[in-house]
Amino acid sequence: MDTSVSPATQTTDTPAVQQAPKVQARKVNVFYGNKQALFDVNLDIPDRSVTSFIGPSGCGKSTFLRCINRMNDTIDICRVEGDILLDGKDVYARDVDPVILRASVGMVFQKPNPFPKSIFDNVAYGPRIHGLASNPEELSEIVETSLRRAGLWTEVADRLDEPGTGLSGGQQQRLVIARAIAVRPEVILMDEPCSALDPIATARIEELIDDLRNNYCIIMVTHSMAQAARVSQHTAFFHLGKLVEAGPTEQIFTNPNDKRTQDYITGRFG
Amino acid sequence: MAALVVVMLLAWFNGRTKAMASAGAHPSTLHSLPGYSGTYLAIWSVLPAFILLALFGLFGDLLLNLQMRQNLPADIRALPVEQVELFMRNARALAFGGTASETSTALQEAAKAYANLSRISNFVVIGAVILLTIGGFLYARGRLGKNFRARNHVEAVIFGVLVVCSGIAILTTLGIVLSLLTESLRFFSEINALDFLFGLKWSPQTALRADQVGQSGSFGAVPLFAGTFLITFIAMVVAAPVGLYSAIYLSEYAKPATRRIVKPILEILAGVPTVVYGFFALLTIGPFIRHAAETVGLSAQTQSALSAGLVMGIMIIPFVSSLSDDVINAVPQALRDGSYAMGATQAETVRNVVFPAALPGIMGALLLAISRAIGETMIVVMAAGQSANLTANPLEPVTTVTVQIVTLLTGDQEFDSAKTLSAFALGLVLFIITLGLNIVSLRVVRKYRERYD
Ligand SMILES: Nc1ncnc2c1ncn2[C@@H]1O[C@H](COP(=O)(O)OP(=O)(O)OP(=O)(O)O)[C@@H](O)[C@H]1O
Ligand SMILES: [Mg+2]
């Protein structure tokens, strides 16, 4: 069960340089009240690539994702044991402020959740609360670069002061990604980012994720095998709160070690 | 009445039994469930009799009086209208064993006749009720049978009852508005509407007799509305921040256990009778404000706009907090998550995301609270006084529209004077203001609900 993604097995389109994993999980157990949701999860996640989490509903994918930026702190009954290391540093250490941690580990949710503010203010939200811009010009610059990176700039450049809630679902999701990018995170967590979108909007987001991979460590939960195969370089398969298997996407999909992985991928349970 | 209930129950069981019997061994062949047949029978036995009783209650006295007036001796009928009325009133009082303001043989006789008449009419009505009950019962029972559509008939009756009930509510409201309108029109035919709306002096004493001097009466409503708005403003200065912050605390910070205790306590505030707030204001807050003002060298009276406003503010805190709490809770959790995931603290999230998202609803809650404050009377009577000062100084006594309406109508006054009629005009303007506020605020709240549902 103690599987990890070793950098040596990365696919050929990423430089085969030996690099330390960006995120490491060591013996992570998570409880909601008395109910245990994750059991002894050990996993290494490399930087500058896309790692996808797959597995049947309720197996703990979201729970694990939310451990990485400590979003589980906002749930009273949730308790996390074990270590999660970001660049080798435990994010659950006493001296780590979750507020600062979340600035470097951004998150995109299943349903697009733009704030009821203008498009500009949505993207400027993070830079403002973290004081990233010292003057208005700098702020507009951050907003523009973030929107460009999210592939939304051309569509919204002339209506930045319109409400973000007025955009289409796919545009909203890219707006939310731009909002996350604006605080210059190192890791971006995405929990089923395309499940509320139509195929065309999904294709746009997948393209975007592929672009972003060059600069960020992206961790994505998805229910679509095809999507995991298309956009991710590494895949981790969860089942009933346990990490069953993790490795390069190609290997997981063509030659899984575990019977359960094989069954899930070929659609025999789900 | 009790007898009618008993009859109803009996009829219900009888109808049910008959329906069952008519179906023989196969209850399912009945068109309607047996219970419906029972209900049908019960309705027919009781409803006509009940309607007769209600009509008699409403119009019986009227008929009786009419009858009696015709039997009055000619010399009394020749008297002026008021004296005839007085005679009749005395006769009625005597007939029911009371005392009259004068006695005479004519009166005695009239009283006896009246008593007789009322006894006879009672007998007639009771007889009619019994007949109707039996008749209705027999008629309906005759119609019951296997294929009788009892359910449809019962549904029709229920429908009718519902329509009548909602009709009563609507008609009453309409009636109130109409009477406000007509009486106000009468007032405005005596007093210029512009003088009323923009006049700066309020002293509604009119001359009762032509030889009285200096009692011309002036009906400038501005001081009253100024007083109303001053007190409402002070109340909102208290209630808006306190209510809002406690709502934010309750919905964002408080643990569920705390919330379960604190919220009901806040809502108890809304259940305190306003007269209690009133004497609290008069006996505690008022003197306190006067002392405080005097120590800093200001003159103040026990009755002041400030004490009324403060206490009224406390009274409407629960309105603001409870409504705002609902609106804040309706803000989707996804928005909060989004903000936390950006690295915002809880306070930043509340200020930058939750509060703006809830703002329209909060505005609605504040507007509702304002219209509540404008309509409040009791606290102001006790705490702010009744003198119509046009002032912006919260330490002086002022009066409000509602308080003046009370004083106008509770004094000894003939009903037609401009003084009493002015109460209707005040009521009308007040009604229009609060109605407008309510419409605006409900619309704001609804619009906000739609956005997130
Ligand atoms: N807030 C919560 N309170 C209590 N239990 C929870 C909570 N969130 C998740 N759980 C439980 O934890 C387990 C894992 O849930 P999680 O949301 O991580 O699953 P998931 O793999 O993301 O599923 P899905 O694919 O449906 O999103 C489930 O059994 C769920 O019931
Ligand atoms: Mg999930």
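What counts and how
- Residues numbered from 1 in each chain as written.
- Chains lettered and ligands numbered in written order.
- Predicted model: local features only at pLDDT ≥ 70, side-chain atom pairs only at ≥ 80, totals over all residues.
- Heavy atoms only, no water.
- Helix = DSSP H or I, 4+ residues; strand = E, 2+ residues; numbered from the N terminus.
- Buried < 20%, exposed > 50% of the residue type's maximum accessible area, 1.4 Å probe, protein only.
- Contact = heavy atoms within 4.5 Å.
- Areas by Shrake-Rupley, 256 points an atom, 1.4 Å probe, with all protein chains shown as cover.
- Lys, Arg positive; Asp, Glu negative; His and termini not counted.
- Charge placed at Lys NZ, Arg CZ, Asp CG, Glu CD.
- Axes fitted to C-alpha atoms, helices over the stretch in contact; angles between N-to-C directions.
- Left-handed = near helix turned anticlockwise from the far one by under 90°.
- Pairing = 2+ DSSP bridges.
- Near = heavy atom within 4 Å.
- Polar contact = N/O pair within 3.5 Å; in protein donor to acceptor, adjacent residues only side chain to side chain.
- Nonpolar A, V, L, I, M, F, W, Y, C, P; charged D, E, K, R; others polar.
- Buried area = accessible area lost by both parts, 1.4 Å probe.
- Salt bridge = Lys/Arg side-chain N within 4 Å of Asp/Glu carboxyl O.
- Phe/Tyr/Trp six-rings, centres within 6.5 Å; stacked < 30°, edge-to-face > 60°.
- Lys NZ or Arg CZ within 6 Å of the ring centre and 35° of its normal.
- Parallel < 35°, antiparallel > 145°, perpendicular 65-115°, else oblique.
- Domains from an automatic or database assignment.
- Patch = residues over 30% accessible without salt bridge, like charges linked within 9 Å, V, L, I, M, F, W, Y side chains within 5 Å.
- Disulfide = S-S within 2.5 Å.
- Core = buried A, V, L, I, M, F, W, Y, C linked by side-chain atoms within 4.5 Å.
- Expected span 1.5 Å × (residues − 1).
- Bend = angle between axes of the 7 residues up to and from the residue.

This next bit is on the overall build of chain B. Along its length, chain B carries 16 helices and two strands. Seen through its C-alpha atoms, chain B measures out along the principal axes to roughly 80 × 80 × 40 Å. Across the 453 residues in chain B, those meeting the buried criterion constitute 39%. A separation of at least 24 residues holds for 70% of the contacts in chain B among residues at least 6 apart in sequence. Accessible area of chain B: about 24,400 Å², with a carbon and sulfur share of 68%. Positive and negative charge centroids in chain B, built from 30 and 25 side chains respectively, lie 14 Å apart.

Another aspect to go through is the packing of helix 12 (residues 333-341) of chain B against helix 13 (residues 346-375) of chain B. Residues and elements named next belong to chain B. Across the interface, helix 12 lies against helix 13 with an axial gap of 10 Å and an inter-helix angle of 145°. The way helix 12 lies across helix 13 gives a crossing that is right-handed. The segment helix 12 lies against helix 13, with L335, R336, S339 and Y340 engaging Q346, T349, V353, V354 and A357.

This part takes up the sheet that holds strand 9 (residues 234-239) of chain A. All names here are of chain A. Ordered by their spatial adjacency, six strands build an open sheet running 6-7-8-3-9-10, and the pairing between neighbours is mixed. Both edges of this open sheet fall to strand 6 (105-108) and strand 10 (242-248), since each of them pairs with a single strand only. Pairwise comparison of adjacent strand axes, ignoring direction, gives a mean angle of 15° for this sheet. Relative to strand 8 (residues 217-221), strand 3 (residues 50-54) runs parallel, the two being bridged by four bridges. Bridged to V50 within strand 8 is I218. Its contacts with the sheet put helix 1 (residues 61-68) on strand 3, strand 6, strand 7 (187-191), strand 8 and strand 9, and the angle it makes with strand 7 is roughly 155°. Set on the sheet, helix 7 (residues 199-212) makes contact with strand 3, strand 7 and strand 8; between it and strand 8 the angle comes to about 150°.

Moving on, we get to the site of ligand 1. All names here are of chain A. Around ligand 1, the structure places 14 residues, and the nearest of them are K35, S57, G58, S62 and T63. K61 is positioned with one of its side-chain polar atoms (N or O) 2.8 Å from an oxygen atom of ligand 1. A distance of 3.3 Å separates an oxygen atom of ligand 1 from a polar side-chain atom of E192. Across the complex, the protein chains shield 65% of the 630 Å² of accessible surface that ligand 1 would expose by itself. Broken down by element, the residue count for the shell around ligand 1 peaks at three residues, all from helix 1. Grouping the constituent residues of the shell around ligand 1 by class yields five nonpolar, six polar and three charged.

Turning our eyes to something else, we now look at the interface of chain A and chain B. Between chain A and chain B, the residue contacts involve 23 residues of the former and 19 residues of the latter. Note on chain A versus chain B: buried area summed over both sides is about 1,600 Å², and carbon and sulfur give 66% of it. When the area that chain A buries against chain B is broken down by residue, the three leading residues are A:P116, A:Y125 and A:I129, summing to 32%. The tally of links from chain A across to chain B stands at zero salt bridges. Here chain A is connected to chain B by four residue pairs in polar contact (both at pLDDT 80 or more). Of all elements in the fold, only helix 2 (98-104), strand 6, helix 3 (119-129) and helix 6 (169-181) of chain A reach the threshold of two or more residues within the side of chain A that touches chain B. The residue makeup of the side of chain A that touches chain B, split by class, is 13 nonpolar, six polar and four charged.

This paragraph deals with the packing of aromatic side chains. This structure, assessed with the given rule, holds 12 aromatic pairs over all chains. Seen in terms of ring centroids, B:F187 and B:F196 are 5.4 Å apart; in terms of plane orientation they differ by 75°. Their pairing is edge-to-face. Residue B:F187 is classed as buried on the basis of its relative accessible area of 0%. In this structure, A:R79 packs its charged tip against the face of A:F31, placed 4.4 Å from the ring centre.

Residue and element names in this part refer to chain B. Here helix 8 (residues 222-253) crosses helix 9 (residues 256-271) at 150°, and the two axes come no closer than 10 Å. Taken together, the axes of helix 8 and helix 9 are roughly antiparallel relative to one another. Helix-helix and strand crossings are classified by hand; for helix 8 and helix 9 the assignment is left-handed. Of the residues in helix 9, those in contact with S246, Y249, L250 and S251 of helix 8 are T258, R259, V262, K263 and L266. When the residues that make up the contact of helix 8 with helix 9 are grouped by side-chain class, the tally is four nonpolar, three polar and two charged.

Bringing the pairing of strand 2 (residues 35-45) of chain A into the picture now. Residue and element names in this part refer to chain A. Note that strand 1 (residues 23-32) and strand 2 share seven bridges and pair antiparallel. Across the sheet, residue V28 finds its bridge partner in strand 2, namely V41. Taken together, strand 1 and the strand that follows it, strand 2, pair antiparallel across an intervening segment of two residues, in which G33 is found at a positive phi of about 65°.

What follows concerns the domain arrangement of chain B. Quite often, the size of an interface is put as the accessible area lost when its parts meet. You can read the domains of chain B as domain 1 (2-148) and domain 2 (218-452). For domain 1 of chain B and domain 2 of chain B, the distance between their C-alpha centroids amounts to 49 Å.

A few words now on a nonpolar patch on the surface. Residue and element names in this part refer to chain B. On the surface, L47, F50, I51, L55, L58, F59 and L62 cluster together into a nonpolar patch covering about 680 Å² of accessible area. Within the fold, L55 resides in helix 2 (residues 34-71). For L55, a relative accessible area of 43% corresponds to the partly exposed category.

All right, on to the state of the cysteines then. All names here are of chain A. A full pass over the atoms with the stated rule returns zero disulfides over all chains. Take C194: it sits in no disulfide, and the sulfur closest to it among the cysteines is that of C217, at 17 Å. Taking the relative accessible area as the measure of exposure, C194 reaches 7% and is therefore buried.

On to the nonpolar core. Formed by 53 residues in total, the largest nonpolar core has its most connected members in A:Y125, B:I231, B:M312, B:I316, B:I328 and B:I379. When contributions to this core are tallied by element, the ones reaching two or more residues are helix 3 of chain A together with helix 8, helix 10 (274-295), helix 11 (305-329), helix 13 and helix 14 (378-384) of chain B. Per-element accounting of this core gives the leading share, 11 residues, to helix 8 of chain B. Within the second largest apolar cluster, 36 residues are counted, among which are A:L160, A:I177, A:L212 and A:M220.

Here the focus is helix 8 of chain B. In a regular helix each residue adds 1.5 Å, so 32 residues correspond to 46 Å; helix 8 of chain B covers 44 Å between its end C-alpha atoms and thus fits that length. B:M236 marks the point of greatest bend in helix 8 of chain B, at about 25°.

Turning our eyes to something else, we now look at the pattern of salt bridges. Residues and elements named next belong to chain A. Using the criterion set out here, one finds 21 salt bridges over all chains in the structure. Among the salt bridges present, the one from D44 reaches R26, with a minimum N-O distance of 3.1 Å. Of the two residues, D44 sits in strand 2 while R26 sits in strand 1, which places them 18 residues apart along the sequence. What makes D44 buried here is its relative accessible area of 11%. Judged by relative accessible area, which is 32%, R26 ranks as partly exposed. For E144, the salt bridge identified is with R148, shortest N-O distance 2.6 Å. Here R148 and E144 lie together in helix 4 (residues 136-149), a separation of four residues that amounts to about one turn.

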